[in-house]
Each structure stands twice: as structure tokens, then as C-alpha cells.
Amino acid sequence: MKKENRVLILRDVLIPGGRIADITIINGRVSHTGSAGKEGFEIHCRGKMVLPAGVDMHVHMRDGAQKYKETWETGTKSAIAGGVTFVVDQPNSIPPLTTGETFKTRLHLAQSSSYCRFALNGAITPQSDLEGLWKAGSCVFGETFVGPSSYGEAVDSDTLSQAMSRISEWNGLMTIHAEQVSSGKDESLVDHNSIRSIAGEIATIRDVIHKNKSQCRLHFCHLSSAAAINTIPKDKVTIEVTPHHLFLSHEQFKADDTHGKVNPPLRTERERKELFSCWNKIDVIASDHAPHSIQDKDKPFEEAPSGIPGVETMIPLLMYCEREKKITIPEIIKKTSINPSRILGSLPPGYTPGSRADFALYPDEITQVDPDELHSNAKWSPFEGMNAIFPECVILDGNIVYQENAFTKSEKIRPVTQGGYNEFQSESDSSLWFAGRGYCLADTIGK
Ligand code: DOR
Ligand code: ZN
């Protein structure tokens, strides 16, 4: 039996650079950008911003033993409602993903309930079976805790060096949580900032780079300071920054407000501004979505877990920032979609033929972040009240998965593993990916 083509036409899309074109999507891929025919389901896009959907390469979806905090369903609905269609889950879950078996169990859980595309990372601990994780499909290794955090103990030097050497043999990628924790009380956001200092962040980065004799590909997660960014050599190493470090400082919170407690900590307002001034050096914006429950955050400061939910607000906050003319749409696309896709070895979504047809459609309307309207189970947000532009419609693989606040679950969600290879079913598909590896922003925006 001949398979019917699924055709979706996005009419009158304003492509960054000024061109207005129809985007024809067939079976989940962009097939033509220009004037479309009349056959297919249509969405009229005049007056809206149509962006390739986001790839958030740093989320903590919890579920399993911690499903009271978040489940794959609530976390990925939250991603989609924020214009993100691909999330990469961190392995400091309970249990941590240290073996092929634990990895596969979590893969099944995610596959049965995820609303968006996903990948899982493998954990780096002294007990980790790296080979087993790699074979089971670990996308990336890390975040590697070089400095402890909530649900993650710091790795020792030998474990780190051996892991870098092994992963480099596979040309794999290792992601690094770079912090040092000094002794001292931890009873306020000021204390938290001082025991997990910028100086410690920098010293850890230097140490990791020094130990990387095997030239393993490294990605530094959630850098919190301009000084840390300026420490990073640009070759073979990529830089990630979160929206909370870009938009929040600890001075915006009451001293003992655990909602601002996160690792690395929120810095001072001056340091936040300095970080923002490094915008052009940042490769990736990722949320470090860490949805702790209100009850957990209500504990005394020292006991409360660190972390901030943010997968749903990440791109909407950036979209408002663009409206204020502080950043541009191509920059948002590059840092939230193209660069993370490339780093993960996955075909990026985009406007040109052959691209993955994942898009988010943003209206003109500015709204304020309201935790009651967000879809994460966390039900709180440190960005509450801030201006944002949320998508009104989200497309995944050429299907509408979110519209008018309603979700449609795609039956075809499959995990993305190393190199993104299993996204492609046929030879011709994989050659498309290799062609896609050379993608640059100009290709993706069709300029
Ligand atoms: O604040 C944080 N929370 N930073 C991390 O690196 C981990 C995260 C979590 O897992 O809750
Ligand atoms: Zn981290």
C-alpha cells in the first residue's frame, strides 16, 4: 500500500533577513521554501515570528523516584509550551545513570511518556560503566560534577582523567559542571555565592582543561561569570549559559529565599551584567531545568535543594529581550537551536529544504510569567512577573503538537543517541545528516 504524504504548509513566514516565503513540510522535513501549492493543511503565519524550535541540552526531568517533582510528561509538556522540541536529560537522577541497564530502564520510561524528542546522558562516577552506557545509546557524558551539586557528588581526579581519555576514543562529548565549594556557612544567597565563588569556577575550568591530555571534546555547562567565559580557550570547547544567570542576580531576592538557590549560584547584579556583555561568546543557552517542588524549596536554606525550573521560560524570555532590541532573532536561533543541534551531532531544525520541521510560532503579544500558567509540576518560577513572549503553536516533525494550550502526543517519539544517528531511518536520510553537518546559520535562515 502506498503511504500517503503528510503535508503541512506554513504560509507567509517571515524568514530572518526579510524574505517572506511559504514553507512546505512533507513527512516531517522541510521540502520547499518559496511559493507553496494548495494541497495540505495550512497555518497562516503573517504577523507571527516563526522560529526553528529549541533544543535544550541541559534539563533534569526527574520522574521515577522523584516523580513528585516532575515527570517526563509534565517536563516535556513544559518544554513544548516554551518552544522547545528536543531535551537532553542529565543523569543525576535516582538511580543515577551509571550502567547500560539503568540507562535502558530510563529510556523506556521516557519513551513511553515524553511529548518531545529527547536524549539521555550517561553519568561519570567512579562506578560508571562507560562502555555499557555508550553501547546503550548515551548521547553525551555528563554533566560531570567537578564540584558537588544537588544529587551529584564531585568526581575525583583519576575518574575524570580516565573518562576523558575513554570518551575521546569514541569522539564523544563530555559536559562539565565546573565549581569548587569552600567551607563556610550556607544560610543565605550571599553565603551561597561566596562558598561557590567565581574564583572556584575559574580554577576548576583551568584544572579540567589541564587534565584533558586526550583532547576530549568538552562542553562547559551553565557558566555563571564573564571571567569564567574569558578563561575558556575556544578550540574544541563550547560554552553554555542559563537564562537565570543572564537575567537574575541574588540581589533581586530576599537573602534567605531558596527560590534563588542554584548551582552555580546567582551572582551580583554587576556580575550578571558583565555576563550578559559576553553574549557573543556564548555558544548555547540551556535552561538547567531543575524542577524542585515548593515543599522542597520551603526547607531551611542550608537543606533546600539547589535548582531552578526554566525549560518553558527560556526562549520566551529571550524573545522579549529581542523585542527590547538587546539581542537578535538569528542569535536566538543559533544559541537555542542550531548550535546545540550541531554539538549533539543532530540535524538542526530550520527553514531550508532538508531541515527538521520543528517550529514554534510566536504572537506579537507580550505576557508576564505566571507560574500557574506553566506546565511544569514545579508550579513556581523565579522569573514570575517578568515579561515574556510564549509560543501559541508548536510543530514537531511536521505535526502540530501544541496549540491553544492543548497538547497532542506524537506516537513517534524516539530517543536521539550519539551522533543523532537513529533519527534517520534510511541511507538517504543519513547522508542528509552528513550534508547537514556543514550547516551554518546562513543556510538555515536561507540567506
Ligand atoms: O542547581 C542545580 N541543580 N545545579 C545543578 O547542577 C544540578 C541541579 C539539580 O540536579 O537539581
Ligand atoms: Zn550543573
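Above this text sits the structure in question.
One structure accompanies this document, and this report is about it. Since the model is a prediction, treat every value here as computed from it, not as a measurement.

**Describing unusual backbone geometry**
Argument step 1. Look at the link from G142 to E143: it is a cis peptide, with omega at 15°.
Argument step 2. Its place among the elements puts E143 in strand 9 (residues 141-146).
Argument step 3. In this structure, the amide linkage connecting N263 to the following residue, P264, adopts the cis form with an omega of -10°.
Argument step 4. Of note, P264 is situated in the loop between helix 8 (243-247) and helix 9 (269-276).
Argument step 5. Of note, the phi angle at R62 is positive, near 60°, even though the residue is not glycine.
Argument step 6. Among the structural elements, R62 can be located in the loop between strand 6 (54-59) and helix 1 (72-81).
Argument step 7. Positive phi, close to 60°, is recorded for K379, a residue that is not glycine.
Argument step 8. Mapped onto the elements, K379 comes out in the loop between strand 15 (367-368) and strand 16 (387-388).
Argument step 9. When its relative accessible area of 38% is taken as the criterion, K379 is described as partly exposed.

**Details of the pattern of salt bridges**
Pairing between side chains of opposite charge can happen when the charged atoms of each approach one another.
Argument step 1. A complete count under the given rule lists 21 salt bridges for this structure.
Argument step 2. E269 is the partner of R272 in a salt bridge, and the nearest nitrogen-oxygen pair spans 2.8 Å. Here R272 and its partner E269 are both found in helix 9, three residues apart, which amounts to about one turn of the helix.
Argument step 3. According to the relative accessible area criterion, R272 is buried, its value standing at 14%.

**Considering the nonpolar core**
Argument step 1. Counting residues in hydrophobic clusters, the biggest one holds 109 residues, and the most contacted among them are L10, V87, M174, L218, F220, L246 and F359.
Argument step 2. A total of seven residues in this core trace back to one element, the largest contributor, which is helix 11 (residues 314-323).
Argument step 3. In this view, V87 contacts D56, V59, M61, W72, T76, A79, C116, R117, F118, A119 and V311; residues no more than four positions away in its chain are not counted.
Argument step 4. V55, M57, F86 and I343 belong to the second-largest nonpolar core, a separate cluster that totals 13 residues.

**Comments concerning a nonpolar patch on the surface**
Argument step 1. Together, Y68, I94 and Y151 make up an exposed nonpolar region whose accessible area comes to about 290 Å².
Argument step 2. Tracing the backbone shows I94 in the loop between strand 7 (84-89) and helix 2 (100-113).
Argument step 3. Given a relative accessible area of 43%, I94 falls into the partly exposed group.

**What about the packing of aromatic side chains?**
Argument step 1. Evaluation of the coordinates by the stated rule reveals nine aromatic pairs.
Argument step 2. Seen in terms of ring centroids, Y402 and F407 are 4.9 Å apart; in terms of plane orientation they differ by 45°. Their pairing is tilted.
Argument step 3. Accessibility expressed as a relative area gives 7% for Y402, which makes it buried.
Argument step 4. Ring-pair connections join several aromatic residues into one group, and the members of that group are Y115, Y402 and F407.
Argument step 5. Looking at K335, its charged tip hangs above the ring of W279, at a distance of 4.9 Å from the centre.

About the criteria used
Residues numbered from 1 in each chain as written. Chains lettered and ligands numbered in written order. Predicted model: local features only at pLDDT ≥ 70, side-chain atom pairs only at ≥ 80, totals over all residues. Heavy atoms only, no water. Helix = DSSP H or I, 4+ residues; strand = E, 2+ residues; numbered from the N terminus. Buried < 20%, exposed > 50% of the residue type's maximum accessible area, 1.4 Å probe, protein only. Salt bridge = Lys/Arg side-chain N within 4 Å of Asp/Glu carboxyl O. Core = buried A, V, L, I, M, F, W, Y, C linked by side-chain atoms within 4.5 Å. Contact = heavy atoms within 4.5 Å. Patch = residues over 30% accessible without salt bridge, like charges linked within 9 Å, V, L, I, M, F, W, Y side chains within 5 Å. Areas by Shrake-Rupley, 256 points an atom, 1.4 Å probe, with all protein chains shown as cover. Phe/Tyr/Trp six-rings, centres within 6.5 Å; stacked < 30°, edge-to-face > 60°. Lys NZ or Arg CZ within 6 Å of the ring centre and 35° of its normal.

Fair warning: the whole summary comes from geometry, so function is off the table for now.
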